[in-house]
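Now for the letters of each chain:
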Amino acid sequence: MTQDITRWLTEIRTLQQQLETVRQERDQAYQSAANWRQLYDAEAKQRREEVETSKATEATLRTELSTLRSHHTDAIAAELENHLDSTNLDSIEGLRAELIKALQTCDQLQNALNAEKYDHAETRKTLTSALGEAIDAFHPSSSLVKQDPAE
């Protein structure tokens, strides 16, 4: 019977040690979870602050943009009004002169646009050629003319 009691006492001590080990592991897990939660909360707070800052910046930029647009529109309208006030639109000759000026300006702008288109096309051709040459320089095997290996 003493052996049974000793065996039971040994079993109880083993179970108590296992229980203590499990409690320590549980406490460590709770501590780890608390640390992760704290890190998550800090990260979430930082992200919320970044979102708020971004929203405030966006609102400021939208306000500035609308202000600039309104000032730009107001400036164009004022310039046009000043120009119209300074011209003689009361007579046919005044209207004809303004029409001729407007057509000349339109022709000048069209010529400038055509020149810009031509320059753009030339630049595109030049850059495409340079790109092809650069590719050929880095990859000689990609050129159309294959070199004779005997050379």
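The secondary structure content of the chain amounts to 2 helices and 0 strands. Counting over 151 residues, the chain shows a buried share of 3%. For the chain, the exposed surface amounts to about 14,200 Å²; the carbon and sulfur share of it is 58%.

With that settled, consider the pattern of salt bridges. Per the stated rule, a full pass over the model turns up 5 salt bridges. Its salt-bridge partner being Asp 27, residue Arg 26 comes within 3.2 Å of it at the nearest N-O pair. Given a relative accessible area of 42%, Arg 26 falls into the partly exposed group. Residue classification places Asp 27 among the partly exposed residues on the basis of a relative accessible area of 41%. Notably, a salt bridge pairs Arg 47 with Glu 43, separated by 2.5 Å at the nearest N-O pair. Within this pair, Arg 47 and its partner Glu 43 are both found in helix α1 (residues 2-86), separated by 4 residues, close to a single helical turn. Residue Glu 43 is classed as partly exposed on the basis of its relative accessible area of 36%. Salt bridges sharing partners connect three or more residues here, namely Glu 43, Arg 47 and Glu 50.

There is a patch of nonpolar side chains on the surface, built from Met 1, Ile 5, Leu 9 and Ile 12 and spanning about 420 Å² of accessible area. Here Ile 12 is to be found in helix α1.

Quick notes on the rules
Residues numbered from 1 in each chain as written. Predicted model: local features only at pLDDT ≥ 70, side-chain atom pairs only at ≥ 80, totals over all residues. Heavy atoms only, no water. Helix = DSSP H or I, 4+ residues; strand = E, 2+ residues; numbered from the N terminus. Buried < 20%, exposed > 50% of the residue type's maximum accessible area, 1.4 Å probe, protein only. Areas by Shrake-Rupley, 256 points an atom, 1.4 Å probe, with all protein chains shown as cover. Salt bridge = Lys/Arg side-chain N within 4 Å of Asp/Glu carboxyl O. Patch = residues over 30% accessible without salt bridge, like charges linked within 9 Å, V, L, I, M, F, W, Y side chains within 5 Å.

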